[in-house]
Amino acid sequence: MVLDALAEHTYLSLVPLLLGFLVALPIGRLAQRVYWLRGMLLGAANVFYTIPSLALYVLIPGLFGWPLLSSNNVVIALTIYTAALLVRPTLDALESVPGHVTAAATAMGYRTGRSFLTVELPLAVPAIASGVRVASVSSISLVSLGALIGTGGLGKLFTDGFQRWYPAQVLIGIVLTVLLALVVDLLLVGLWRLITPWTRAGGRVLPS
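Residues numbered from 1 in each chain as written. Predicted model: local features only at pLDDT ≥ 70, side-chain atom pairs only at ≥ 80, totals over all residues. Heavy atoms only, no water.

**Focus on unusual backbone geometry**
Link 1 in the chain: Backbone geometry places tryptophan 165, a non-glycine residue, at a positive phi of 50 degrees.
Link 2 in the chain: Within the secondary structure, tryptophan 165 is located in the loop between helix 7 (155-163) and helix 8 (167-195). (Helix = DSSP H or I, 4+ residues; strand = E, 2+ residues; numbered from the N terminus.)

This is the structure in structure tokens:
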């Protein structure tokens, strides 16, 4: 039961993290490129993040016609939260890229898309990675609330433990949730260093 709950918790945490990042990246880019949309996009992200998670878990089945106990409800809700949380860090990371670097790329014949993918985005990865690490902890913790509607991975250990007054089960759920957050954080740091080898060298070498 514990292993099944851990596997479900991992799935419900990492899938929204990936989807949320894929949503936040183009929104952050749009906010960077279209200045008059920036306030609107950031405001919308703040509004979505302030929606109570439990209310969103209950609202989504009515919108999509899914069963209340479907794990899709948690995935969609956490994707929204993750994207809302990452829009601002993504925008700030892209704007932190020095202007002379993008100007040099343009002078070398790089078009907008190529410059973004091969110059701006790689240089913004360290700052984006910090936001993703925060979002991962948020996602892992919010998954547990899904147990109140019958899903939620390790959150089931909390609800079952409280109902049966079995403190050991609650403690196991807490410890595994913390360990999962630590493991995911370490994996994200490793991935960040893998895709930005120039940062490991401690130099200012730009990606090719």
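**Looking at a nonpolar patch on the surface**
Link 1 in the chain: On the surface, a nonpolar cluster with roughly 530 Å² of combined accessible area is contributed by Leu54, Val58, Leu68, Leu69, Leu145 and Leu148.
Link 2 in the chain: Among the secondary structure elements, leucine 68 is positioned in the loop between helix 3 (53-64) and helix 4 (71-95). (Patch = residues over 30% accessible without salt bridge, like charges linked within 9 Å, V, L, I, M, F, W, Y side chains within 5 Å. Areas by Shrake-Rupley, 256 points an atom, 1.4 Å probe, with all protein chains shown as cover. Salt bridge = Lys/Arg side-chain N within 4 Å of Asp/Glu carboxyl O.)

**What about the side chain of arginine 38?**
Link 1 in the chain: Here arginine 38 lies in helix 2 (residues 35-50).
Link 2 in the chain: Judged by its relative accessible area of 16%, arginine 38 is buried.
Link 3 in the chain: A polar side-chain atom of arginine 38 sits 3.2 Å from the main-chain carbonyl oxygen of alanine 31.
Link 4 in the chain: Not counting residues up to four positions away in its chain, the partners in contact with arginine 38 are Ala31, Gln32, Leu91 and Glu95. (Buried < 20%, exposed > 50% of the residue type's maximum accessible area, 1.4 Å probe, protein only. Polar contact = N/O pair within 3.5 Å; in protein donor to acceptor, adjacent residues only side chain to side chain. Contact = heavy atoms within 4.5 Å.)

**Some thoughts on the packing of aromatic side chains**
Link 1 in the chain: If you walk through the whole model with that rule in mind, you get one aromatic pair.
Link 2 in the chain: Taken together, a centroid distance of 5.8 Å and an interplanar angle of 85 degrees make the contact between tyrosine 49 and tyrosine 81 edge-to-face. Residue tyrosine 49 is located in helix 2, and its partner tyrosine 81 is located in helix 4; the two are separated by 32 residues in the primary sequence.
Link 3 in the chain: Residue classification places tyrosine 49 among the partly exposed residues on the basis of a relative accessible area of 34%. (Phe/Tyr/Trp six-rings, centres within 6.5 Å; stacked < 30°, edge-to-face > 60°.)

**Let's talk about helix 7**
Link 1 in the chain: Regarding helix 7, the residues found buried are Gly155, Leu157, Phe158, Thr159 and Gly161.
Link 2 in the chain: Where the residues of helix 7 are buried, they touch helix 1 (2-33) and helix 8.
Link 3 in the chain: Positioned one or two residues after helix 7, tryptophan 165 has a phi angle of 50 degrees, which is positive.

**So, helix 6 (residues 112-143)**
Link 1 in the chain: Taking 1.5 Å as the rise per residue, helix 6 with 32 residues should run 46 Å; its terminal C-alpha atoms sit only 38 Å apart, a clear shortfall.
Link 2 in the chain: Considering bend angle alone, the principal kink of helix 6 is centred on valine 125 and spans about 50 degrees; proline proline 126 follows within four residues of it. (Expected span 1.5 Å × (residues − 1). Bend = angle between axes of the 7 residues up to and from the residue.)

**Some points on the nonpolar core**
Link 1 in the chain: Among the nonpolar cores identified, the biggest contains 26 residues, and Ala124, Ile128 and Val132 are the most heavily contacted of them.
Link 2 in the chain: Looking at this core, the elements that each hand over two or more residues are helix 1, helix 2, helix 4, helix 6 and helix 8.
Link 3 in the chain: Sorting elements by how many residues they give to this core places helix 6 first, with seven residues.
Link 4 in the chain: When near neighbours in sequence (up to four residues on either side) are disregarded, isoleucine 128 contacts Phe21, Thr90, Ala93 and Leu121.
Link 5 in the chain: Of all hydrophobic cores here, the second largest spans twelve residues; its members include Val74, Leu78, Tyr81 and Val143. (Core = buried A, V, L, I, M, F, W, Y, C linked by side-chain atoms within 4.5 Å.)

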